[in-house]
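Geometric and topological summary
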Amino acid sequence: MADDRLIVALDVPNIVQGLQVADALGDAISFYKIGLGMLTGGGLALANELKGERGKRIFLDMKLFDIGATVEAAVRGLCQYDLDFLTVHGDPQVVRAAGEGKRGSNTKILAVTILTSLDRADLDANMIVAGDIAEITLARAARALESGADGVIASPQEAAMIRALPQAKGKLIVTPGVRPAGADLDDQKRIATPSQALADGADHIVVGRPIWAAKDMRAAAQAILADIA
Ligand code: C5P
């Protein structure tokens, strides 16, 4: 049986391959993430197809960042796709604009704090305030939530400390960087197992390659579902 807490990242190049993965997984998976890499490959059409025809939930990972008026307009337009989750960068003015854009829709706005691909040297190069990355991540999460975000994207290592924030009460925490015990890490560094990420306060986990790159996708998904059951 599917479990909404497991979101499969469809990081394949186009709608044809996206539908192949969704067909292979069938009723084992109820929630899909579609990202920027598929935008030119029919990502929005795939979102429509999975939502409208197959009754799946959709997380559109756009990580929007622009002036307020543009973010508001982009979110308003994207909400017509009846998305479940949509990401924006966690800067307060971006989050507030997204909140305006989503008015009247059921879409939840999730804020990105600090990309997990960035280390302290990158933050220095980007002239981001001195300090420990974990502390800056926590502060950005708190501000994004105060600005009206419905939740945040976080690494499993950050999930517990974000869950402990008073601002996180009733808000969503969604964690990528999840690997079943013994699985290939690919390029992920700060990982946790599916059950550990949920125990640390995540509401949803995002898993990509361990499922869609597996020989038997359905078996791979079912092993994760068994782990979190
Ligand atoms: O294949 P894998 O399970 O590593 O995929 C994780 C998904 O989560 C990818 O779509 C990746 O872009 C996304 N993601 C991430 N780390 C973040 C934010 C998003 O891995 N900090």
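Use the structure listed above.
The sections below set out a description of the structure shown in this document. (Residues numbered from 1 in each chain as written. Predicted model: local features only at pLDDT ≥ 70, side-chain atom pairs only at ≥ 80, totals over all residues. Heavy atoms only, no water.)

**Examining the side chain of Arg179**
- On the secondary structure map, Arg179 appears in the loop between β7 (172-175) and α8 (194-199).
- Among the residues examined, Arg179 registers a relative accessible area of 3% and is labelled buried.
- In this structure the side chain of Arg179 is engaged in a polar contact, spanning 2.9 Å, whose partner is the side chain of Asp186.
- The contact partners of Arg179, leaving out residues within four places of it in the chain, are Asp184, Leu185, Asp186, Gln188, Ile191, Ala192, Thr193, Pro194, Arg209 and Pro210. (Helix = DSSP H or I, 4+ residues; strand = E, 2+ residues; numbered from the N terminus. Buried < 20%, exposed > 50% of the residue type's maximum accessible area, 1.4 Å probe, protein only. Polar contact = N/O pair within 3.5 Å; in protein donor to acceptor, adjacent residues only side chain to side chain. Contact = heavy atoms within 4.5 Å.)

**Things to note about the pattern of salt bridges**
- Applying the stated criterion to the full structure yields 18 salt bridges.
- Put simply, Arg5 and Asp3 hold a salt bridge, and the shortest N to O gap is 2.8 Å.
- By relative accessible area, which is 29% here, Arg5 ends up partly exposed. (Salt bridge = Lys/Arg side-chain N within 4 Å of Asp/Glu carboxyl O.)

**Concerning the sheet that holds strand β4 (residues 85-89)**
- Strands sit in the order β1-β2-β3-β4-β5-β6-β7-β8 around a closed barrel of 8 strands; the barrel is parallel. Ignoring which end each strand starts from, the neighbouring axes of this sheet average 25 degrees apart.
- Sheet analysis places strand β1 (residues 6-9) next to strand β8 (residues 204-207), joined by 3 bridges and oriented parallel. Looking at the pairing, Val8 lines up with Val207 of β8.
- In this fold helix α4 (residues 92-101) packs onto β3 (57-64), β4 and β5 (108-112), with an angle of close to 150 degrees to the strand it touches most, β4. (Pairing = 2+ DSSP bridges. Axes fitted to C-alpha atoms, helices over the stretch in contact; angles between N-to-C directions.)

**Describing the site of the ligand**
- Looking at the ligand, there are 13 residues lining it, with Asp11, Thr116, Arg179, Gly208 and Arg209 nearest.
- Here an oxygen atom of the ligand and a backbone polar atom of Gly208 are 2.7 Å apart.
- Calculation on the ligand without its partners gives an accessible area of 470 Å², and the protein chains cover 82% of this total.
- Elements represented by at least two residues in the shell around the ligand include exactly β8 and α9 (209-212).
- Considering only residue class, the shell around the ligand consists of 5 nonpolar, 3 polar and 5 charged. (Near = heavy atom within 4 Å. Areas by Shrake-Rupley, 256 points an atom, 1.4 Å probe, with all protein chains shown as cover. Nonpolar A, V, L, I, M, F, W, Y, C, P; charged D, E, K, R; others polar.)

**Comments concerning the environment of Leu39**
- Mapped onto the secondary structure, Leu39 falls in the loop between β2 (31-35) and α2 (43-53).
- The exposure class of Leu39 is partly exposed, given its relative accessible area of 40%.
- Distance in space between the C-alpha atoms of Leu39 and Ala141 is 27 Å, their sequence separation being 102 residues.

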